[in-house]
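Inside the fold
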Amino acid sequence: MSAPKTSRKKAIVVGAGAVGASSAAYLQRDGFDVTMFDPDGIGRGCGEGTVGIFATNIIAPASSEGGVKAMLAAAKSDKLDTLMVNKPHLPDFLPWLASFVSASGPQTFEAGKKVLQEAQSLAVSTVRDIMGGAAFDAHAEERGWMFAYESEEAFQAAQGDRDLRKRHGVVLEEIGEAEIRELEPDLPSIFKRATLFPRAYHTADVRKMVSAIGDVALRGGATLQQRAVDAVQCLSDGSFSVMAGGETFAADVVVIAAGPHSSKFADDLGSPIPHSAERGYGVTFPKAAIKLNRPVTFTKQKMVAAPMAAGLHLISTGEFAPLETAPDYRHTDNLTAAGSSIFAGLNTEGASRWSGWRSTVTDGLPVIGESPRHKGLMFAFGHSHLGLTLAGLSGSLISALAMGRKPVMDVAPFRVDRFSLVPKV
């Protein structure tokens, strides 16, 4: 039998996106009295505009030799491209870039692969665990994910990537034109080869799925405060004061899961990290009249298309810029042009554009764990393109740490103080 609510420890989760909602649900199940804070409500963060893929086939961090080359080229270029660095922001971005280069050595890269491989092996099971199998299956389906190539040469150039994934246990199939046509009849004949990841799960409505995770917490007794948190203060007795909307709220545990806004709290609370906001762009065509059976990555265009509840959705771009930077919707114009070039007669009537911020850390791994300075202060951010994918695992790890229970995997690689600018204590 649960303890009376008045005697339960209070936990405040700052942020109610996929990671925050999952953290709240796990904490509530473990007996905490949970309050979520998010000015936009549950499931309204960056994930709302993504293509809904549980990207468990990504087992290599972006911090790699190839990643460094791409990032340095983006820092130098003024071209509107799928990877960009905001040029007025470049001087402030250089420390992040230096840390990214430092974290991209072979030893760090290999260690990161092992961590991601283990994390990805737990990704779906931890979401299914907190939602329940039937609820998860109602929102997500094992549709697979296709990477399409326009030539045999382009396909062969990616052989090293396929070999790497296969060595790390990722299931994939190498398919030709006939199989592409059979799986995706609406794809044009320009695609000659493809890689299929048949075990990738996909949700057609990310907001609805994240809301369902949040509902798990709410049904358990959690509450939602639809307001922004202004500050978190650590008190001498080990508890916390959370200031939001002119009011102060007490907590025994605080989880910072506010995506790109999290780094400010980390800085203020004595755990600065090399972090950058990264904006993505998308466009949805509700009347596209194009039927896809699964998400498809168009490798030449560096663009992903997916069948979503709202219509055909295209996403691309990583734009590194300050949070206050206005979106550059030329990116969505480019997406529309690229989509129209692939799908002849694409109906663009009623198209809606989207931009949203990701939270990106230089070594390609998220920050998940307890502050080394304040017991009960937890961090769960920096997931970059894997927020939805690793949300369940993040919630599981956070709640285990808050309970003093052994987590399902070692959290040391995710520690906030793993970077040299934060001395270990």
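Before reading further, recall that the structure is shown in the block above.
Residues numbered from 1 in each chain as written. Predicted model: local features only at pLDDT ≥ 70, side-chain atom pairs only at ≥ 80, totals over all residues. Heavy atoms only, no water.

1. Concerning the overall build of the protein chain
Along the backbone of the protein chain there are 12 helices and 20 strands. In terms of C-alpha radius of gyration, the protein chain reaches 21 Å, essentially the compact-globule figure of 22 Å for 425 residues. In terms of principal-axis extent, the alpha carbons of the protein chain reach across some 65 × 45 × 40 Å. Burial status across the protein chain gives 54% buried among its 425 residues. Counting only contacts in the protein chain whose residues sit at least 6 apart along the sequence, the fraction spanning at least 24 positions is 74%. When the accessible surface of the protein chain is summed, it comes to about 17,800 Å², and 53% of that surface belongs to carbon and sulfur atoms. (Helix = DSSP H or I, 4+ residues; strand = E, 2+ residues; numbered from the N terminus. Rg over C-alpha atoms; globule rule 2.2 N^0.38 Å. Buried < 20%, exposed > 50% of the residue type's maximum accessible area, 1.4 Å probe, protein only. Contact = heavy atoms within 4.5 Å. Areas by Shrake-Rupley, 256 points an atom, 1.4 Å probe, with all protein chains shown as cover.)

2. Describing the packing of aromatic side chains
Counted according to the given criterion, the structure contains 14 aromatic pairs. Between Y281 and Y329, the ring centres sit 6.2 Å apart and the planes meet at 80°, which makes this aromatic pair edge-to-face. Taken together, the residues span a long stretch of sequence, with Y281 in strand β14 (residues 275–285) and Y329 in the loop between β17 (311–320) and α11 (330–342) at a distance of 48 residues. Taking the relative accessible area as the measure of exposure, Y281 reaches 0% and is therefore buried. (Phe/Tyr/Trp six-rings, centres within 6.5 Å; stacked < 30°, edge-to-face > 60°.)

3. Comments concerning the nonpolar core
Within soluble globular proteins, side chains that are nonpolar generally end up buried alongside one another. In this structure, F136 and V255 are the most contacted members of the largest nonpolar core, which totals 71 residues. With 9 residues, helix α4 (residues 106–131) is the single largest residue contributor to this core. (Core = buried A, V, L, I, M, F, W, Y, C linked by side-chain atoms within 4.5 Å.)

Purely spatial values, then, with no claim about function.
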